[in-house]
Structure formats: C-alpha cells, structure tokens
Amino acid sequence: MTLGSADRVGSGSDIESFDVDGDRLREECGVFGIYDHPDAATITALGLHALQHRGQEAAGIVTFDGHRFNSERRLGLVGDHFSRVSTIERLPGDSAIGHVRYSTTGETILRNVQPLFAELDKGGFAVAHNGNLTNGLALRRSLIEEGAIYQSTSDTEVVLQLVARSRKRRLIERFIEALRQLEGAYSLVALSNKKLIGARDPLGIRPLVLGELDGKFILASETCALDIIGAHFIRDVENGEVVVIDENGFESLKPFPPQPARPCIFEYIYFSRPDSIVHGRPVYDVRKAMGAELAKEAPADADVVIPVPDSGVPAAIGYAQASGIPFELGIIRNHYVGRTFIQPSQTGRELGVRLKHNANRSVVAGRRIVLIDDSIVRGTTSVKIVKMMREAGAREVHFRISSPPITHPDYYGIDTPMREKLLAATHTLEEMRDYIGCDSLQFLSVDGIYRAVGEKGRDPIRPQFTDHCFTGDYPTYLTDVTGEGPRQQLSLLAEVG
C-alpha cells in the first residue's frame, strides 16, 4: 500500500502570519477519526472545522479506501482547503483521521503537518496527536542513535518510530508498547488498513471522546465536533484507555495501572469551545461559575461589567449575575481579522489590538467598569485593552481575571512562554496592576476555580486536575526539561497508582 501524493502547501497560505494580539495562550491541537462510513473524508473535514479553535496553522486528513492510504495536508484553515469538492475527491475511503494543528513541538512547515504516515511491515499506519511528549527529544535522540531516520521535527513521529521498531506480533501490541515508553500528555487517533485506534494518556490530561453516527464509531477531541455532524455522544475515552474500532465493533483496552484522572483545567478556562461538554461538565456553565466565584472573591464597586471578547464573555455573565452589576458589551470584536497580517510596521503593531477589539464608547464613557478576562500571560494585550478603555472615557477600570495567575510554563501541549516572560511569575500583584494601568487587579483563586467545576476545593494530596500553570505541580516526569526521569512512564504510574 502506498500513500497518495497529494501533500502540498495550500495556495494562499501565509506561513509567516502575525498574531496581532501576541499575548494569548496558544490552542493545542484537535484530532478526529471515523471508521467505516461512506462519507468519511467529508465528515472528518466538518469535524475538524468544529475543532478549528484548537489550531489554526495547519490541517490534514488521511483516508483508507481498502487499497491505499490517501493524504491531504495543508497550511492554513480547514475551510480554506477542505471545503473544496476537488480536495475531498482526492480522499476516497470509508475510514479517516484528521488533525488541526498549532505547533508546540516542531515548526509549522508542511512536513510537520499531521496526520503523519509510515509504511510498516504490516501495512500503512497514520497517526495524529494532541498534546506534547515530555520525553520526545530524549526518545528521538535514542532512536536516531539506533539508526532511525526522521522526516519531521514533530514529537508525534516518535510514536510512528516506536511502533515501527517494535517486535510484537500484532499491531495493537506494538502500539501499546510504544505508549508505555511515552511521558507527558497525549490523545492519539491512529488508522491502519484494518483499524481505527484511539488512546489517551494515563492521566487523561488531553481530552478525547467517543461518538456514533449512523451506527459508525467516531473519535474526537471535543463533543462540539460530534454536534456539527449530528453524531451521538457515547462517552469520554478514559484516562489510560486504548480503544480499538474495526469490522468486529469496539474494544476497550486498559494497558496501564489504574489511577485517578487529572485532566487539564485549562480545557474549562480557555481551550474547549463553550458549547462542548468536558468530562460531563458543560464548558459554558463552568465558565459562568468561574465568573460567579470571582464576584464573590473579588467584588468591585462599579457601574458595568464588560468582557474581553470572546473568551471572557461567559465569566463576565457569571460575574454580573452574581454581583448584580449590569453586563454590557463594552468591547466589540472584529471576527474577520484572522491571523494573516504579515509583519506590520511599528505603527501597525501599536494599533494591532484595535484590529480585533474596539471600544464601545457609549457603554464605557463616564462609567466605572469591571473588565473580565480569562487569563493574563505576558500582559501586553491587557495594557492595550485598559488603555483603550481609558481613552473611551472610563472613569475607573477594575480588572478581574477568571483564573489564577499563570506562574509556570506548560509542557503538555499549551504554548506558554518561559517562566521569566510570564508576568505573574516576575511581578507582584501590585506591580502587575501598575504595569497594566488599571485601578485594581484581582485573580480567581486556585480553590475558586476548583469550586467552579463542582469540587469543594483542590485536594493537595491527590489534585483532581492538572493545574501546573498555577501551582507548579507537574504530574509527570519532564525528562526533556530536567534531563532526569525514567524511559517508561509506566514506572511512574506503578509508584503512584
């Protein structure tokens, strides 16, 4: 079996796009897979479109038509390429996997765009990955020393290499053997000539759900991808679970020692779409609850509550309802900017925030405002937003953040700056307030965010979520960062399980 030769750079793609905000947490990635459906490529493209918020730099689909694998991988948005009939026609087959990408490991170049594919002795094998392997570099060096040849700089290729070098008899045994050597966070979908496979890391840091459409199984990063195609949500893939879908149906495997899940708390704060349900909790409701908790912890004497759109909107609604202060849209977002401005002049950089956000002067002028956002990273965008509110006539600006201060970098698939560039890691609260230029600044507490998701608070012995950006509590070995750690994450699991 051979891979189709359709890999190409999409026309009009802007490799050197400029992010006019430059101060947001970057989304991770999104994965999708479907088995034995006649419209596999079309359904996968629609699913990826629903997951576009998880990665806007590249997208790819691999299908299998019973004889060969076919691949289309493009730089740019899903709708720019996979809405074309000609593109879908080059992806025949009744099984498919897809991926939307924001690069956390490896550059955004075509050879890093997923799904990645390899020809194995038992046939073709494609894989797509959401997350980040914290021992990916160590494994890569070891494999190269043993003779492996890499075609990308993505840590996802480590999975292909480990599967290819395994001496196990069955493909699923090879796949599981590969997983046992990985550290970090992953949700994986993989496609062979006979199976669709899904896997979630032993702590369940990255999300993955199981759905059904017309009696056919689907894997996706979020439930919103099921909604867009009219599919039925079955359940979350459990932490440490491997699901195998083939002509005989569905099989669940549990190759790791059991332990409590620790999903990423940022799925609720920022990454998941508000209309998704994550681990049984509607994201929109959780974000409103964060705003309500914030109103209790950090009240403000003000006239109006204003969200920083779009991610701050649900929390601002919750804050307004809990505080009794009216909610208004004091900032209007331009949804048609995209991320395609090529290195503007210095003047363009200074005015860049206005390309996406503009003050609604009639709401702001003469009022004391509570400005609600979901997080502060470097703080540069917050400075511009507060300045905009001042220039629009705000009497006072009280900044409230619906998550705790981000004091530590992420190594599990979120693109955060190094610690020295995180504002909360290098400044006191008062220094942050002074830098941003607001009249007051307060964050939601760690326990407050746990209460918003339905917990009594954070369990310091066995934390219910992965929250290292706020606490510095990394739940896995970080071999590539520290240079220390076992080759197999299974050893860690056996100790703490």
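Refer to the structure presented above.
This text gives an overview of the structure that appears in the document. Treat the numbers as computed from the prediction; the structure is a model and nothing was measured.

So, the overall build of the protein
Phase 1 of the analysis: The number of helices and strands found in the protein is 19 helices and 21 strands.
Phase 2 of the analysis: Looking at the protein as a whole, 59% of its 497 residues qualify as buried.
Phase 3 of the analysis: When contacts within the protein are restricted to residue pairs at least 6 apart in sequence, those whose partners lie at least 24 apart make up 70%.
Phase 4 of the analysis: Entry remark: accessible area of the protein is about 19,300 Å², with carbon and sulfur atoms responsible for 50%.

What about the sheet that holds strand E5 (residues 116–120)?
Phase 1 of the analysis: With respect to topology, six strands assemble into an open sheet ordered E5-E6-E7-E8-E12-E13, the strand pairing being antiparallel. Whereas interior strands pair on both sides, the edge strands pair on one side only; in this sheet they are E5 and strand E13 (249–253). Across the sheet, the mean angle from the axis of one strand to that of its neighbour is 20°, orientation sign disregarded.
Phase 2 of the analysis: With five bridges connecting them, E5 and strand E6 (residues 123–133) associate as antiparallel partners. Along E6, the bridge assignment pairs Glu119 with Gly124.

Some details on the sheet that holds strand E16 (residues 304–307)
Phase 1 of the analysis: Within the open sheet, the four strands sit side by side as E16-E19-E20-E21. Their pairing is parallel. The sheet is open, and its two borders are formed by E16 and strand E21 (440–443), each paired with just one other strand. In this sheet, adjacent strand axes meet at a mean angle of 20° when their direction is disregarded.
Phase 2 of the analysis: The strands touched by helix H9 (residues 283–297) are strand E19 (368–373), strand E20 (396–401) and E21; relative to E21, the strand with the most contacts, the crossing angle is about 125°.

So, helix H10 (residues 313–323)
Phase 1 of the analysis: Of all the positions in H10, only Pro314, Ala315, Ala316, Ile317, Gly318, Tyr319 and Ala320 are classed as buried.
Phase 2 of the analysis: Each element contacted by the buried residues of H10 is listed here: H9, E16, E19 and E20.
Phase 3 of the analysis: Phi for Gly324, located one or two positions after H10, is positive at around 80°.

Structural notes on helix H13 (residues 380–391)
Phase 1 of the analysis: Over its twelve residues, H13 extends 17 Å from the first C-alpha to the last, a length consistent with the 16 Å expected when each residue adds 1.5 Å.
Phase 2 of the analysis: Among the residues making up H13, those that are buried are Thr381, Ser382, Ile385, Val386, Met388 and Met389. Each buried residue of H13 lies within a common arc of 155° when the element is viewed along its axis, so the set occupies one face.
Phase 3 of the analysis: Within two residues after H13, Gly393 carries a phi angle of roughly 105°, on the positive side.

Notes on the environment of His49
Phase 1 of the analysis: Among the structural elements, His49 can be located in helix H1 (residues 40–50).
Phase 2 of the analysis: In this structure, the C-alpha to C-alpha distance between His49 and Phe82, residues 33 residues apart in sequence, is 9.0 Å.

Structural notes on the pattern of salt bridges
Phase 1 of the analysis: By the definition in use, this model includes 24 salt bridges.
Phase 2 of the analysis: Asp467 is the partner of Arg262 in a salt bridge, and the nearest nitrogen-oxygen pair spans 4.0 Å. Of this pair, Arg262 sits in the loop between E13 and helix H8 (266–271) while Asp467 is found in the loop between helix H16 (446–452) and helix H17 (468–471), placing the two residues 205 residues apart along the sequence. Across this residue pair, the class does not change: Arg262 and Asp467 are buried.
Phase 3 of the analysis: Among the salt bridges present, the one from Asp467 reaches Arg458, with a minimum N-O distance of 2.5 Å.
Phase 4 of the analysis: Overall, the relative accessible area of 2% leaves Asp467 in the buried class.

Section: the environment of Arg333
Phase 1 of the analysis: By the secondary structure assignment, Arg333 is in strand E17 (residues 331–333).
Phase 2 of the analysis: Between the alpha carbons of Arg333 and Val308 there is a distance of 8.7 Å; along the sequence they are 25 residues apart.
Phase 3 of the analysis: Of note is the side chain of Arg333, whose polar atom sits 2.9 Å from the side chain of Asp310.

Structural notes on the nonpolar core
Phase 1 of the analysis: By size, the foremost hydrophobic cluster in this structure holds 43 residues, and its most contacted members are Phe266 and Tyr268.
Phase 2 of the analysis: Broken down by secondary-structure element, the contributors of at least two residues to this core are H8, H9, H10, E19, H16 and H17.
Phase 3 of the analysis: In contact with Tyr268, not counting residues within four places along its chain, are Val278, His279, Arg281, Val283, Val286, Arg287, Met290, Val453 and Phe465.
Phase 4 of the analysis: Listed in part, the 31 residues of the second largest apolar core include Val127, Tyr150, Leu188 and Val242.

Conventions we followed
- Residues numbered from 1 in each chain as written.
- Predicted model: local features only at pLDDT ≥ 70, side-chain atom pairs only at ≥ 80, totals over all residues.
- Heavy atoms only, no water.
- Helix = DSSP H or I, 4+ residues; strand = E, 2+ residues; numbered from the N terminus.
- Buried < 20%, exposed > 50% of the residue type's maximum accessible area, 1.4 Å probe, protein only.
- Contact = heavy atoms within 4.5 Å.
- Areas by Shrake-Rupley, 256 points an atom, 1.4 Å probe, with all protein chains shown as cover.
- Pairing = 2+ DSSP bridges.
- Axes fitted to C-alpha atoms, helices over the stretch in contact; angles between N-to-C directions.
- Expected span 1.5 Å × (residues − 1).
- Arc of directions from axis to C-beta.
- Salt bridge = Lys/Arg side-chain N within 4 Å of Asp/Glu carboxyl O.
- Polar contact = N/O pair within 3.5 Å; in protein donor to acceptor, adjacent residues only side chain to side chain.
- Core = buried A, V, L, I, M, F, W, Y, C linked by side-chain atoms within 4.5 Å.

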